[in-house]
Amino acid sequence: MNEHTIKKTLSKLNIGGLRYFDSIGSTNDEALAWAADGAKDLSIVIADEQTQGRGRLNRKWFTPKGTALAFSLILRPSSTLRPHLSRTVGLAALSIAESFSKLGLAPLIKWPNDILLNNKKTAGILIETVWSGEDVDSLVIGMGINVYKASIPPADVLQFPATSLEDELAKEPPAREEILFSILEKFIQWRERMGTNEFITAWEETLAFRGQQVQIHAGGEAPITGELLGLESDGSLHLRDIHDKSIIVRFGDVSLRPAA
Ligand code: BT5
């Protein structure tokens, strides 16, 4: 993967711009700076290695050289999309999941931001916002995808089991440029329909643990346990507790686990 092969592979897509790095701290940091500096909609920062890759709450995201896809997409929301921005994590998750399905795999989305294969984390999403006063100027959507086995961190740093496309396909995965193309193609298609019920249904149908008991940890509060029913129209998660009471879990730093 290099700048030339990426540009060539993405030439059929209408991307805003591309910055490629052999090595970088975090593609999200570069994309946040570029967005604040006027990057066009659908501009992409991509790196072959991240030395300071991050997850939510500054947790570390592992991206060893030559093993993974790590990129950040800059979105400038149109007025039609603005009312639906809370669905953005679903847009990213669905795009990654459907690109995995095209490879013959069976991905599920662990709400809100992980993509699982065989119940193991294969990709994560980190969305950050550039504000203009009280309005959203742009969004940076960071996506990290474990392509080769060597992208998987040592088990002792993991909060949840992890895998890679190479492990799950049990053969050489497609070139990383091709996987990127497939994710972006899905992303551009679904973004057009992001405000529709069809979008929520597709997202909901891909959720992991539907109909199962799950536990949600949100910040320092006591964990919530309930049956995972589905999504609200803003993308919040809908659970039902043992007293038959509806619980809506909004975004934030939540982590979801199957209940013991
Ligand atoms: C995430 O956070 O899953 C969001 C990851 C986003 C990474 C992309 S790469 C491009 C862009 N640039 C960045 O700097 N970030 C974005 P979270 O849900 O907080 O999960 C973080 C946790 O996942 C860590 O604490 C580890 O336990 C685990 N982890 C770290 N690296 C991993 C990997 N390669 N595969 C699976 N799990 C990993």
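Note that the structure is a prediction, hence the values are computed from the model and not measured.

Some remarks on the domain arrangement of the protein
Now for step 1: You can read the domains of the protein as domain 1 (3-205) and domain 2 (213-258).
Now for step 2: The straight-line distance from the C-alpha centre of domain 1 to that of domain 2 is 24 Å.
Now for step 3: Listed per partner, the contact involves 14 residues of domain 1 and 16 residues of domain 2.
Now for step 4: Here domain 1 and domain 2 share an interface that buries about 1,300 Å² over both sides, 61% of which is from carbon and sulfur atoms.
Now for step 5: The tally of links from domain 1 across to domain 2 stands at four residue pairs in polar contact (both at pLDDT 80 or more).
Now for step 6: By residue class, the composition of the side of domain 1 that touches domain 2 is seven nonpolar, two polar and five charged.

Considerations on the site of the ligand
Now for step 1: In the neighbourhood of the ligand, 31 residues make up the surrounding shell, with Ser26, Arg54, Arg59, Lys121 and Asn146 lying closest.
Now for step 2: Within the side chain of asparagine 113, one N or O atom sits 3.2 Å away from an oxygen atom of the ligand.
Now for step 3: Calculation on the ligand without its partners gives an accessible area of 800 Å², and the protein chains cover 97% of this total.
Now for step 4: Each residue belonging to the shell around the ligand can be placed in one class, and the counts come to 11 nonpolar, 14 polar and six charged.

Here we look at the nonpolar core
Now for step 1: Ranked by internal contacts, the top residues of the largest apolar core, which has 63 residues, are Phe71, Met143, Ile145, Trp203 and Leu237.
Now for step 2: If one sorts the elements of this core by residue count, helix α3 (residues 88-101) sits on top with eight residues.
Now for step 3: Each of domain 1 (3-205) and domain 2 (213-258) contributes no fewer than three residues to this core.
Now for step 4: Residues contacting phenylalanine 71, with those up to four places away along its chain left out, are Thr27, Ile44, Val45, Ile46, Ile141, Gly142, Met143, Ile145, Leu180, Ile183 and Leu184.

Overview of the pattern of salt bridges
Now for step 1: Throughout the structure, instances matching the rule amount to 17 salt bridges.
Now for step 2: As a salt-bridge pair, glutamate 198 and arginine 193 come within 2.9 Å of each other at their nearest N and O atoms.
Now for step 3: Looking at glutamate 198, the relative accessible area reads 42%, which means it is partly exposed.
Now for step 4: By relative accessible area, which is 28% here, arginine 193 ends up partly exposed.

Some remarks on the sheet that holds strand β7 (residues 135-146)
Now for step 1: As summarised here, the arrangement of the seven strands in space is β1-β2-β3-β7-β6-β5-β4, forming an open sheet in which the pairing is mixed. The open sheet has two edge strands, β1 (17-21) and β4 (108-110), and neither has a second partner. When the angles between neighbouring strand axes are averaged without regard to direction, this sheet yields 20°.
Now for step 2: The pairing of β1 with strand β2 (residues 43-47) spans five bridges and is classified as parallel.

What counts, and where the lines are drawn
- Residues numbered from 1 in each chain as written.
- Predicted model: local features only at pLDDT ≥ 70, side-chain atom pairs only at ≥ 80, totals over all residues.
- Heavy atoms only, no water.
- Domains from an automatic or database assignment.
- Contact = heavy atoms within 4.5 Å.
- Buried area = accessible area lost by both parts, 1.4 Å probe.
- Polar contact = N/O pair within 3.5 Å; in protein donor to acceptor, adjacent residues only side chain to side chain.
- Nonpolar A, V, L, I, M, F, W, Y, C, P; charged D, E, K, R; others polar.
- Near = heavy atom within 4 Å.
- Areas by Shrake-Rupley, 256 points an atom, 1.4 Å probe, with all protein chains shown as cover.
- Core = buried A, V, L, I, M, F, W, Y, C linked by side-chain atoms within 4.5 Å.
- Buried < 20%, exposed > 50% of the residue type's maximum accessible area, 1.4 Å probe, protein only.
- Helix = DSSP H or I, 4+ residues; strand = E, 2+ residues; numbered from the N terminus.
- Salt bridge = Lys/Arg side-chain N within 4 Å of Asp/Glu carboxyl O.
- Pairing = 2+ DSSP bridges.
- Axes fitted to C-alpha atoms, helices over the stretch in contact; angles between N-to-C directions.

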